[in-house]
Amino acid sequence: MSEPLARGCVLIIDDHPAVADALGLLFSLHGIRTVAATTPDEGLSLLAAQPVDLVIQDMNFSADTTSGDEGRALFGAIRARHPDLPVILLTAWTDLEAAVALVKAGAADYLAKPWDDHKLLASVQNLLELGEATRALRAAALQRQRAQAALRERHALGDLVFADPATERVVALACQVARADVPVLITGPSGAGKECIAALVQANSAVRSGPFVTVDCGALPAELIEAELFGAEAGAYTGATKAREGKFAAADGGTLFLDEIGNLPLPGQVKLLRVLETGRFARLGATREQQVHVRVISATNADLPALIREGRFREDLYYRLNLIELHLPPLAERPGDILPLARRFLGSAHHLADDAADALQRHDWPGNVRELKNTMQRVALLVPTGPVTAAQLGLPVRQAAASPRAGDEPDRAAIEQALARAGGVVAQAAADLGLSRQALYRRMERHGLGRGG
């Protein structure tokens, strides 16, 4: 199968009409449209009058001139008006030094006259495809921003920070189910931000004006969890010198968030199931029951079905808690959230240098959002006001990834994640995936990522 052909419009600015004719013929054979100008002023006028995807410009326009000054001035004018527009320089050998300097200043490429058709065509096709992919990524980012703005208009998101589509889906579902008076189970790794999602459900629920009470079932000794949840009469257990109110009573009219629910012992699970079914419970050591109205949200990083198979978690309680499940992926699978969260945690007194932003996006974040928060707060304390560099982050040096085995093929999700980590830079994303840039372009085309899909 032949490669997909690039599409786009190329502006050729050269004082010799024969150059534009030759290039126009070459590009037309590959589905690329051209427009031509013979002077810098005419070229700039065409740029202002119609969409152009790429410019090919000469370096000299006056007779007997070889300094390249005219080309430098034209390039500067194009960059000032259209900073993201790629420019290829056509130059005679006497202009080579000037062309190299302009490439360092942002020109996309340079080729000496007479040019090699194959090299020039490959460069043009690459740049057109890169531009199209970049525009598609920007359009997708704009669409996400609009979707997030719409979410914020409809729901109470407070100062919740997110930008990744995976997080947006969780947030949207959390807001959708918030008003239904049913238990919600939030799953995901430790430190991923499950409590933030629980608070989001509370803020958009019918009991949002009520208390939000948190219990970490993993931080309490097993013999005290029941007393913590349901309360206890004086003398109900060793050391209970007076009656105590439990978290269910404290959360009456609001929400009780049970973190690490997988650590709840079996006797406590029996009582919790009864409360979920009837809204009634008794303190430890008491005979009289209390009636409460509490929205229960639970969270776990454990594999509850595996605990059920091991006899450590009640299956009936699991299905009662799991009426609605919200799964929050690890931070490494939400790359779009990394930089917005990092900047929030870092504060306005600092900003991230480019190498620091790249290091943050490349780190695996095994500790998830909690690790990111600790990293940025440490940096904010130790680094003077100003740019934060990669070295100051103190992240472990990432080893070069092994080349993919023959037959390995990145799917759409892997390509999207690589592009997000690379900030839309296709060459970097291709390197992360172990592909050539052209190979990545073809896969983007196949998955509809480079053509507005």
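Each chain carries its own residue numbering, running from 1 in the written order of its sequence. For this predicted model, a pLDDT threshold of at least 70 governs which residues receive local features, and a threshold of 80 or more governs which side-chain atom pairs are given and counted, while totals over whole chains, interfaces and linings are taken from all residues. As a convention, hydrogens and water are excluded, and side-chain values are obtained from all of the structure's heavy atoms.

K.L.:
Describe the overall build of the chain, listing the residues and the values that go with them.
P.N.:
Runs of E in the DSSP output that reach at least two residues are strands. Runs of H or I that reach at least four are helices, and both are numbered from the N terminus. Across its full length, the chain carries 19 helices and 14 strands. For the chain, the proportion of its 453 residues judged to be buried stands at 45%. Within the chain, contacts between residues separated by at least 24 positions form 69% of all contacts whose residues are at least 6 apart in sequence. Put simply, the chain shows about 22500 Å² of open surface, and 53% of that area lies on carbon and sulfur atoms. Burial here depends on accessible area, computed with a 1.4 Å probe over protein chains only, as a share of the maximum for the residue type. Under 20% is buried, over 50% is exposed, and the range in between is partly exposed. Contact criterion: two residues are considered in contact whenever any of their non-hydrogen atoms come within 4.5 Å of each other. Only the protein chains shown count as cover for residues, and all accessible areas are computed by the Shrake-Rupley method using a 1.4 Å probe.

K.L.:
With reference to specific residues and values, describe helix H7 (residues 194-203).
P.N.:
Every buried residue belonging to H7 is among Lys194, Ile197, Ala198, Leu200, Val201 and Gln202, and all of these are buried. On its buried face, H7 is in contact with helix H6 (165-177), strand S6 (184-187), strand S7 (212-216), strand S8 (255-259), strand S11 (295-300) and strand S12 (324-327).

K.L.:
Give me the sheet that holds strand S3 (residues 54-58): which residues, what numbers.
P.N.:
Either a parallel or an antiparallel arrangement is found when strands of a sheet pair, and the pairing is made through backbone hydrogen bonds. A pair of strands is labelled paired if DSSP reports no fewer than 2 bridges between them. If you walk across this open sheet you meet the 5 strands as S2-S1-S3-S4-S5, and the pairing is parallel. The outermost strands of the open sheet, each flanked by one partner alone, are strand S2 (33-37) and strand S5 (109-112). Across the sheet, the axes of successive neighbouring strands diverge by a mean angle of 20 degrees, strand direction being ignored. Where strand S4 (residues 87-91) meets S5, 4 bridges bridge the pair, whose relative direction is parallel. Following the sheet pairing, Leu89 is matched in S5 by Tyr110. Packing against the sheet, helix H5 (residues 117-154) makes contact with strand S1 (9-13), S3, S4 and S5, and its axis sits at approximately 145 degrees to S3. Axis definition: a line fitted to C-alpha atoms, over the contacting stretch in the case of helices. Angles run 0 to 180 degrees between N-to-C directions.

K.L.:
Account for the pairing of S6, naming residues and giving values.
P.N.:
Alternating residues of S6 divide into Val184 and Ile186 and Leu185 and Thr187, and every residue in both groups is buried. Across 4 bridges, S6 lies against S11 in parallel orientation. Directly across from Leu185, in S11, lies its bridge partner Ser298. Here S6 runs beside S12; their pairing, made up of 4 bridges, is parallel. Within the sheet, the bridge partner assigned to Thr187 lies in S12 and is His327.

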